[in-house]
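Summary of the model geometry
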Amino acid sequence: ITDDITLDETAPVGTLLVESGDTYTTSPNVTLDMTASEPTSPPVTMAFSDDGVIFSDPEPFAASRAYTLPGVPNPGDGLKTVFATFTDQAGNVSAVLDTIVLDTTAPGGTLLINSDATYTSLITVGLALSTTETTSIPVQMQFSNDNANWTALEAFAFGKTYTLPAGDGSKTVFMRLKDGAGLLSTTTISDDVVLDATKPSDASITINGGAGSTSSRDVILTLTASDASSLTM
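Below is a summary of the structure that appears in this document. For clarity, every value in this text was computed on a predicted model and none was experimentally measured.

Taken in spatial order, the five strands make up an open sheet running E10-E16-E15-E12-E13, and their pairing is mixed. Because the sheet does not close on itself, it has two edges, and the strands there are strand E10 (119–120) and strand E13 (154–155). Note: strand E12 (residues 140–144) against strand E15 (residues 169–178), five bridges, orientation antiparallel. Bridging from a neighbouring strand, Gln 140 pairs with Lys 178 of E15.

In structure tokens:
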């Protein structure tokens with residue numbers, strides 16, 4: 001009388017990738033890609049966990065599986081880890097993991113022209129910038145004069161020199177931010193300033209209504225000036 005048994009002391013060799021190994025995802029619903037090599041005692045089962053402690057029930061191995069990341073809605077954004085175990089018929093277990101950053105929130109920020117000045121006499125101004133994005137760095141920025149036509153994306157900075165459109169009058173500068181996950185700002189980020197590069201014209205001064213002489217040191221001055229953009233009297 002004989003019997004056979006297969007000795008297998010080697011755990012399966014496997015891999016796990018969340019969203020094909022991407023750094024960021026804007027949706028909690030992701031795809032897991034797996035590989036598992038077990039030549040001695042197949043088939044292999046797999047199980048998953050968000051914390052590496054509590055795992056789902058074992059299920060037959062598959063090369064791909066839909067998965068929902070934890071912690072949604074916000075404040076669920078941030079680094080997420082998916083753990084997986086592969087178990088062969090001999091009971092050998094291997095463990096793998098992969099991480100991804102969940103970012104469901106578009107970046108916000110602020111923009112101030114010349115420290116929030118009301119007027120500027122120069123067409124070139126300084127922009128003071130900020131961003132609220134902390135989840136998916138780096139952040140890029142771009143600018144517009146009409147909220148429709150945008151400059152090329154560039155690396156975010158807290159300050160930037162900017163040239164306003166020519167011509168005196170009210171100017172608006174818009175900023176749009178793009179985070180590392182590819183999300184664009186959804187709220188309007190802008191500031192206004194009045195460009196007045198033209199000196200006042202038709203300025204005059206009249207003493208005592210144009211009288212040729214006076215016996216008093218106290219006189220009445222009549223002043224006139226014309227400035228369509230930023231007249232302050």
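Continuing now.
For Asp 103, the location among the structural elements is in the loop between strand E8 (93–102) and strand E9 (109–113). No salt bridge is formed by the buried Asp 103. Its closest oppositely charged neighbour is Lys 80, at 11 Å. A polar contact of 2.4 Å, which involves the side chain of Asp 103, links it to the side chain of Ser 136. Ignoring anything within four residues of it in the chain, the contact list for Asp 103 reads Thr 25, Thr 26, Asp 77, Glu 133, Thr 135, Ser 136, Asp 179, Ala 181 and Leu 183.

As a further point, take the environment of Pro 39. In this fold, Pro 39 is placed in the loop between strand E3 (29–37) and strand E4 (45–49). With relative accessibility at 73%, the residue Pro 39 sits in the exposed group.

Below, the discussion takes up the packing of aromatic side chains. Taken as a whole and judged by the stated rule, the model has four aromatic pairs. Arranged with centres 5.2 Å apart and planes meeting at 80°, the rings of Phe 156 and Phe 158 form a pair that is edge-to-face. The class for Phe 158 is exposed, based on a relative accessible area of 62%.

As a further point, take a nonpolar patch on the surface. Judged by side-chain polarity, Ile 205, Ile 207, Val 219, Leu 221 and Leu 223 come together as a nonpolar surface patch covering roughly 460 Å² of accessible area. By secondary structure assignment, the location of Ile 205 is in strand E17 (residues 201–207). Exposure remark for Ile 205: the relative accessible area of 54% places this residue in the exposed category.

So, on to the side chain of Asn 92. In this structure, Asn 92 sits in the loop between strand E7 (78–87) and E8. Given the relative accessible area of 16%, Asn 92 is considered buried. A distance of 3.4 Å separates a polar atom in the side chain of Asn 92 from the backbone oxygen of Thr 10. Sequence-distant contacts of Asn 92, defined by excluding residues within four places in its chain, comprise Asp 8, Glu 9, Thr 10, Ala 11, Pro 12, Phe 86 and Thr 87.

Moving on, we come to the pattern of salt bridges. Throughout the structure, instances matching the rule amount to two salt bridges. For Arg 65, the salt bridge is made with Glu 59, and the minimal N-O distance between the two is 3.0 Å. With a closest N to O distance of 3.3 Å, Lys 160 and Glu 154 form a salt bridge. Overall, Glu 154 belongs to the partly exposed group, its relative accessible area being 27%.

Reading the values: rules and limits
Residues numbered from 1 in each chain as written. Predicted model: local features only at pLDDT ≥ 70, side-chain atom pairs only at ≥ 80, totals over all residues. Heavy atoms only, no water. Pairing = 2+ DSSP bridges. Helix = DSSP H or I, 4+ residues; strand = E, 2+ residues; numbered from the N terminus. Buried < 20%, exposed > 50% of the residue type's maximum accessible area, 1.4 Å probe, protein only. Lys, Arg positive; Asp, Glu negative; His and termini not counted. Salt bridge = Lys/Arg side-chain N within 4 Å of Asp/Glu carboxyl O. Polar contact = N/O pair within 3.5 Å; in protein donor to acceptor, adjacent residues only side chain to side chain. Contact = heavy atoms within 4.5 Å. Phe/Tyr/Trp six-rings, centres within 6.5 Å; stacked < 30°, edge-to-face > 60°. Patch = residues over 30% accessible without salt bridge, like charges linked within 9 Å, V, L, I, M, F, W, Y side chains within 5 Å. Areas by Shrake-Rupley, 256 points an atom, 1.4 Å probe, with all protein chains shown as cover.

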